[in-house]
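Residue-level structural notes
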Amino acid sequence: MSEPATLEIISDGISEDEVIFPPGDILSDKPPLESDLHREQIDLLISILKLWWRERQDFYASGNLTIYYSSNQKKSEYFRGPDFFVVLGTQKKDRKSWVVWQEDGKYPNLIMEILSSSTTALDKGLKKQVYQDTFRTPDYFWFDPVTMKLQGFHLVDGKYQEIQVTTDGRLWSQQLELYLGVYEGKLRFFTTENQLILSSEELAEQERLRAEQAKERAQQAEQEIARLREALRIQGIDLENI
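In this report, we go over the structure that sits alongside the text. For every chain, the first residue of the written sequence is number 1, and numbering continues from 1 along that sequence. Side-chain atom pairs in this predicted model are given and counted only at pLDDT of 80 or more, local residue features only at pLDDT of at least 70, and totals for whole chains, interfaces and linings cover all residues. Calculation of side-chain values draws on the structure's entire complement of heavy atoms; hydrogens and water are dropped beforehand.

1. Describing the sheet that holds strand E7 (residues 150-156)
- For two strands to be treated as a pair, DSSP must find at least two bridges joining them. Each helix corresponds to a stretch of at least 4 residues labelled H or I by DSSP, and each strand to a stretch of at least 2 residues labelled E; elements are numbered beginning at the N terminus. Read from one edge to the other, the open sheet built from 6 strands follows the order E1-E3-E5-E6-E7-E8, with strand pairing classed as mixed. Two strands lie at the open edges of the sheet, namely strand E1 (59-62) and strand E8 (159-162), each paired on one side alone. Sheet twist, expressed as the mean angle between neighbouring strand axes with direction ignored, is 15°.
- Across 5 bridges, the pairing between strand E5 (residues 110-114) and strand E6 (residues 139-143) is parallel. Residue Glu 113 lies in a different strand from E6, and its bridge partner there is Trp 142. Note on definitions: angles span 0 to 180 degrees between N-to-C directions of axes, and those axes are lines fitted to C-alpha atoms, for helices only across the stretch in contact.

So this is what it looks like as structure tokens:
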């Protein structure tokens, strides 16, 4: 399994000793999302993964949040942060942003970009290059919520190699040990057995249906008992006197 990079300073001819890092508690500098479609997709990925890994305390999953990895980054308008990312081997807690030098030099293990007409070139160009060469993020995916096209890459010997699609049209994430695929127009996670990982709303609906079915079975059983009692009564058999 590939490991993401540890802290690597991006500077234009500035040595590491000369770098003055910004102070802590740096707020995220991500611009607003382009549409409800993007926001809903990002929120869905975050909430489902957190629910699936609810017993784990060694990861951080977030989205539309700035990753600060360079003292010069705040001067750049070309890169802020991924739409969705996961860092493994870290503390599970809320953050205002991901500041690499305050997180033991850890970069994301997985990054997902949700494409749009205004970001596609950046996501497939500069960002991919940054994730490959600087972050060394093992798993990188992009998803177009309009065309439903999903593409993924895994870092092999320092270069991204495209992940082959399964016969079910899904892509394997070595870092999450889960499949990614499209289900009912949304990008979703699937288990190694290709079972859809349900959201909290879907789990609640599943429980509601299960309760309704149990209630229906109970009612049917009561009706069957009543029918049998009536059939026996007609034959002159009173169960109360047996």
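2. Points about helix H1 (residues 36-52)
- Any helix carries an expected span of 1.5 Å times its number of residues minus one. Helix length check: H1 (17 residues) gives 24 Å between terminal C-alpha atoms against 24 Å at 1.5 Å per residue, within 8%.
- A 1.4 Å probe rolled over the protein chains alone gives each residue an accessible area, and that area as a share of the maximum for its type sets the label: buried under 20%, exposed over 50%, partly exposed in between. Listed in full, the buried residues belonging to H1 are His 38, Gln 41, Ile 42, Leu 44, Leu 45, Ile 46, Ile 48 and Leu 49.
- Note on contacts: a residue pair is in contact if any heavy atoms of the two residues lie within 4.5 Å. Residues of H1 that are buried in the fold lie against E1, strand E3 (84-88), E5, E6, strand E10 (178-183) and strand E11 (186-190).

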